[in-house]
Amino acid sequence: TTDIHALSRQLHPTVLDDLGLVRAIDSECVRQNSLTQANILFDGPGVKLELPSDVGLTYFRIAQESIRNAIKHGSPESINVGLELADHHLRLSVHDDGVGFELINNRPEAHSGLGLISMGERARLIGANFSMDSTPGEGTEVVVELMLEDDQAFRATP
């Protein structure tokens, strides 16, 4: 049953339902900090955002994958994760100061890594913009931005 619970958490982390996206990403940053030499910092709203579940899960998974990719491939000293909601735009950024890499034709989807492809596809499925900027020797930044429509109920609660 331990394996079943672990698999269930991997598919849909209960922290998202219990605490919301902000606390879930913060929790992931704390967890990853305990596993790596990189210093992972999170800057997010001091409130709980009530978002559609597919939006919350997508943002959480992209943050998680971006942090993992940075640690695995970038050898960063620091990773800065930011989440902000302003003017109906929900923006996630994950920036590391690692080794970076040369983007093929300035397009992240041109790379064959399954992680990059899945992040872009996840964002596309909820109608979000996904972008990546990377420079050799200067690190990488992943950005996901979604314009929340009036019919996508969201609230910020203390």
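Summary of the structure given here.

Rules behind the numbers
All residue numbers here refer to positions counted from 1 along the written sequence of the relevant chain. Restriction of local features to residues with pLDDT of at least 70 applies here, the model being predicted, together with a cutoff of 80 or more for giving and counting side-chain atom pairs; totals for whole chains, interfaces and linings are based on all residues. Only heavy atoms go into the side-chain values, all of them from the structure, while hydrogens and water stay out. The numbering of helices and of strands both runs from the N terminus, where a helix is a DSSP run of H or I of at least 4 residues and a strand a run of E of at least 2. Two N or O atoms count as a polar contact when they lie within 3.5 Å, although within protein this holds only if one can serve as hydrogen donor and the other as acceptor, and sequence-adjacent residues are included solely when both atoms are side-chain atoms. Residues count as neighbours in contact if any of their non-hydrogen atoms are within 4.5 Å of one another. Pairing between strands requires that DSSP locate at least two bridges from one strand to the other. The axes are straight lines fitted to the C-alpha atoms, using for helices just the contacting stretch, and the angles between their N-to-C directions are given from 0 to 180°. Nonpolar cores were defined as sets of buried Ala, Val, Leu, Ile, Met, Phe, Trp, Tyr and Cys residues, with membership established by side-chain atoms within 4.5 Å. Only protein chains enter the accessibility calculation, which uses a 1.4 Å probe. A residue is then buried if its area is under 20% of the maximum for its type, exposed if over 50%, and partly exposed in between. By definition here, a helix of n residues has an expected span of 1.5 Å times n minus one.

Comments concerning the side chain of Thr 140
Mapped onto the elements of the fold, Thr 140 is located in strand S6 (residues 139-147). Only 2.7 Å separates the side chain of Thr 140 from the side chain of Ser 134, close enough to count as a polar contact. When neighbours within four sequence positions are excluded, Thr 140 is seen to be in contact with Val 94, His 95, Asp 96, Gly 100, Phe 101, Met 132, Asp 133 and Ser 134.

Examining the sheet that holds strand S1 (residues 39-43)
Strand pairing within a sheet occurs via backbone hydrogen bonds; the two strands may be parallel or antiparallel. The five strands lie next to each other as S1-S3-S4-S6-S5, forming an open sheet whose pairing is mixed. The sheet is open, and its two edges are formed by S1 and strand S5 (129-135), each paired on a single side. Going across the sheet, the axis of each strand differs from the next one's by a mean of 10°, ignoring polarity. Across five bridges, the pairing between S1 and strand S3 (residues 78-86) is parallel. The residue of S3 that forms the bridge with Phe 42 is Val 81. The strands touched by helix H5 (residues 114-125) within the sheet are S5 and S6, with S5 carrying the most contacts at an inclination of about 150°.

Considerations on the nonpolar core
Of all hydrophobic cores here, the largest spans 37 residues; its most connected members are Leu 21, Ile 25, Tyr 59, Val 81, Leu 83, Leu 90 and Leu 92. Of all the secondary structure elements, the ones that give two or more residues to this core are helix H2 (14-19), helix H3 (21-33), helix H4 (53-74), S3, strand S4 (89-96), H5, S5 and S6. If you tally residues by element for this core, the top one is H4, at eight residues. The contact partners of Val 81, leaving out residues within four places of it in the chain, are Ile 25, Cys 29, Ile 40, Leu 41, Phe 42, Asp 43, Ile 67, Leu 92, Ser 93 and Val 94.

Looking at H4
When the terminal C-alpha atoms of H4 are compared, their 30 Å separation across 22 residues agrees well with the 32 Å that a helix rising 1.5 Å per residue should span. For H4, the buried fraction is high: 16 of the 22 residues fall into the buried class.

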